[in-house]
Amino acid sequence: MAMRGRAAVLDQPNGAFVVDEAEVPDPDQNGLLVRQELCGICATDTYVYRGGLPGVTFPLVLGHETVGVVERLGANVGEDSTGRPLAAGDRVYIQPGMSCRQCVYCVVYRQPTLCLKRRGYGFHPFKDQPPHFQGGYSEYLALAPGSTYLQMNADAANSVVLEPLTIGLHQISRVEMPVGATAVIQGAGAIGILTLVAAKEAGALRTIVLGAPDSRLDLARAFGADMTISIEEVPDSAERVRLVREETPGGFGADVVFECTGVPSSIPEGIDMLRRGGTYVEAGHYTDHGEVALNPFRHMVHKQITLVAVWGADTPHFVAGRALIESGKYPFADLVSHRLPLERAGDGVAAIGGTYRIDGEEIRKVAIAGHEG
Ligand SMILES: [Zn+2]
Ligand SMILES: [Zn+2]
C-alpha cells in the first residue's frame, strides 16, 4: 500500500493551517525522501503567512529550516551533496534554496542567492505539484533531483539551526573582519546569536550584544558574548551608543556592527556605534518593515563606512555551518525552546510573528516536530 503522510497546509494568506494527508511520492532515481524530525519556524515564515513575499502561491506548506532522516533514496543516490556516503536512516539537513547554476547571477556575477530562477523548499518550489511534501511543516520532504542536502553527524536539536546559522556565515564571508576586531550585534534573537557565533569564528575578539529580554541576553553570554546591553534597561538610543563606544578601543566605535533586529530605527543607531571606516552589516530585514531616515553625510560619507547586505545563503555557508554544529563548540540546541506538533503550526507562527509566547511561556526558537511531536 502506498505510504501516506501529513502536512500543515496553509490555505491562503492570513489563513488557517489545516493538517491534511496525502500520498507520499516515491523518490525519483536522483531524488530523496526525508522523514522530517524538526523544522524551525522563521520570522520569514510569518511574513509569507501574511502574503508578503511575492511569487509564493497558496495552498502552501511553510518551513525552510528542516532536518530529518533519510527514508528512501533514489537508485542513483549514494552520497550527500558534499560527497559523504548517505544511506537510509542517516540524518540530513535540506538546503532550502535552489539556484539554477546557469543564469547570469549564478554564472557571471557569481551570486547564486540572487539566481533569477531561484526556488526553495518551504516556498512551494514546484507549483505544478501538491504542496504537502515541499515544505518542512510536514512529516516528509520529497526532494527533487538537483536538491542540496547535507549528512549531519549531530542530533536533530543541534542541527535544526543550520539554515539561520548560514545567514550569519554568509554575512561574514562578505565582511573584512580584522582579527581582534570589536563587533556589535544588535538583536539577541536566533539570527543575532547565530551571527555572534559567525563573528567570533571570523576573528572578532570582543563582542557586544544588544537586545531583550534578559533570558536571551543570558543565552548570548552562553554563546560567548563578552558584554550584553539590555534595551529594556537602557531604553535611550543615545545612551546605548555611548555605552558601546566606551567599550571600544579609544572610544572610536566598533569595527563591525551587525543589524539583526528587523527594526528600521536600529540602523542609524548602529551606524552611530561604528568607528569611522567601519563596516555596517544589514541582516535583520529579511522582510519589509518600512523605511528609516539616514543622514548621508553623517552616517555614510564622513564616516567612510562600508555597507554590506546579504540575501539567503549558498552551499559553502551550509558546509561551514555544519562543521561548526558538528564541532560541539556552541550550545546550539539551547536556542530551541519549543517543539510543536503539526496541529500547532498556527500557534508557532503567531508566537514568532509577535506574541513571543506559547502557553504563556517566553519563546526562543520554535520548531515543528513532524514525527517527534
Ligand atoms: Zn529562515
Ligand atoms: Zn541561476
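What counts, and where the lines are drawn
Here the residue numbers are simple positions, counted from 1 along each chain's written sequence. Here every chain gets a letter starting at A, and every ligand a number starting at 1, in the order they are written. This being a predicted model, a pLDDT of at least 70 is required before a residue's local features are given, and a value of 80 or more before pairs of side-chain atoms are given or counted; all residues contribute to the totals for chains, interfaces and linings. Excluded from the side-chain calculation are hydrogens and water; included are all heavy atoms of the structure. Distances decide who is a donor: an N, O or S atom must be within 2.8 Å of the metal, or within 3.2 Å for Na, K and Ca. Water is not included, so sites may look incomplete. Under the DSSP-based scheme used, a helix requires at least four consecutive residues in state H or I and a strand at least two consecutive residues in state E, with every element numbered from the N terminus. For every residue, the accessible area (1.4 Å probe, protein chains only) is compared with the maximum for its type, and the residue is labelled buried under 20%, exposed over 50%, or partly exposed between those bounds. In these notes, a set of buried Ala, Val, Leu, Ile, Met, Phe, Trp, Tyr and Cys residues joined through side-chain atoms within 4.5 Å is what counts as a nonpolar core. Note on contacts: a residue pair is in contact if any heavy atoms of the two residues lie within 4.5 Å. The rule for pairing is simple: two strands pair if DSSP sees at least two bridges between them. To obtain each axis, a line is fitted to C-alpha atoms, and for helices this fit is confined to the stretch in contact; angles are then taken between N-to-C directions over 0 to 180 degrees. Under the classification used here, a metal with four donors is tetrahedral if each angle lies between 85 and 135 degrees, square planar if opposite donors are over 155 degrees apart and the others between 65 and 115, a six-donor metal meeting that same test is octahedral, and anything else is irregular. For Phe, Tyr and Trp, rings pair up if their centres lie within 6.5 Å, where Trp contributes its six-membered ring, and each pair is then called stacked (planes under 30 degrees apart), edge-to-face (over 60) or tilted (otherwise).

Caption draft 1: Representation of the coordination of the zinc ion (ligand 1) within the structure. Protein ligation of the zinc ion (ligand 1) involves Cys42 (SG) and His64 (NE2), the donor distances falling in the range 2.1 to 2.3 Å. Taken as a pair, Cys42 in the loop between strand S3 (32-40) and helix H1 (43-49) and His64 in the loop between H1 and strand S4 (66-73) lie far apart in primary sequence, 22 residues in all. Like Cys42, the residue His64 is buried in the burial classification.

Caption draft 2: Expanded view of the nonpolar core. If you look at the biggest cluster of nonpolar residues, it comprises 51 residues, and the most contacted ones within it are Leu165, Met177, Val209, Phe223, Phe258, Ile325 and Phe332. Tallying contributions element by element places helix H5 (residues 190-202) first for this core, with 6 residues. Beyond its immediate chain neighbours, meaning those up to four positions away, Phe258 contacts Gln171, Ile172, Met177, Ala183, Val184, Ile185, Gln186, Thr195, Ala199 and Val281. Counting 25 residues, the second largest nonpolar core, distinct from the first, contains Val9, Tyr49, Val61 and Ile358.

Caption draft 3: Main features of the sheet that holds strand S10 (residues 181-186). One open sheet holds the 6 strands; their spatial order is S12-S11-S10-S13-S14-S15, and the pairing between them is parallel. Each edge of the open sheet is held by one strand with a lone partner, namely strand S12 (227-230) and strand S15 (306-309). On average, each strand axis in the sheet is tilted by 20 degrees relative to the strand beside it, whichever way the strands run. Sheet topology note: the strand S13 (residues 254-259)/strand S14 (residues 274-282) ladder contains 5 bridges and is parallel. In the strand pairing of S14, Ala254 is matched with Leu274. On the sheet, helix H6 (residues 214-222) packs against strand S11 (204-211) and S12 and is oriented at approximately 170 degrees with respect to S12. Running at roughly 145 degrees to S14, helix H8 (residues 266-273) makes contact with S10, S11, S13 and S14 of the sheet.

Caption draft 4: Just H8, in detail. The element H8 is extensively covered by neighbouring structure, given that 7 of its 8 residues are classed as buried. Along H8, the residues classified as buried are Ser266, Ile267, Pro268, Glu269, Gly270, Ile271 and Met273.

Caption draft 5: Here's a closer look at the coordination of the zinc ion (ligand 2). Donor atoms from the polypeptide that bind the zinc ion (ligand 2) are Cys100 (SG), Cys103 (SG), Cys106 (SG) and Cys115 (SG), placed at 2.3 to 2.4 Å. For the zinc ion (ligand 2), the 4 donor atoms in the first shell make angles of 104 to 118 degrees at the metal, so the coordination geometry reads as tetrahedral. One chain supplies every donor to the zinc ion (ligand 2), and in sequence these donors are spaced C-x2-C-x2-C-x8-C. You can see Cys103 sitting in the loop between strand S6 (97-98) and helix H2 (104-107) and its partner Cys115 sitting in the loop between H2 and strand S7 (119-120), a full 12 residues away along the chain. A single burial state applies to Cys103 and to Cys115, both of which are buried.

Caption draft 6: Representation of the packing of aromatic side chains in the model. One pass over the structure, following the stated rule, counts 10 aromatic pairs. Ring geometry for Tyr286 against Trp311: centres 5.5 Å apart, planes inclined by 20 degrees, an arrangement best described as stacked. Taken together, the residues Tyr286 in the loop between S14 and helix H9 (296-301) and Trp311 in the loop between S15 and helix H10 (315-327) connect sequence positions 25 residues apart. Ring centres 5.8 Å apart and planes at 50 degrees place the aromatic pair Tyr330 and Phe332 in the tilted group. With relative accessibility at 8%, the residue Tyr330 sits in the buried group.

These values are about where atoms sit, not about what they do.
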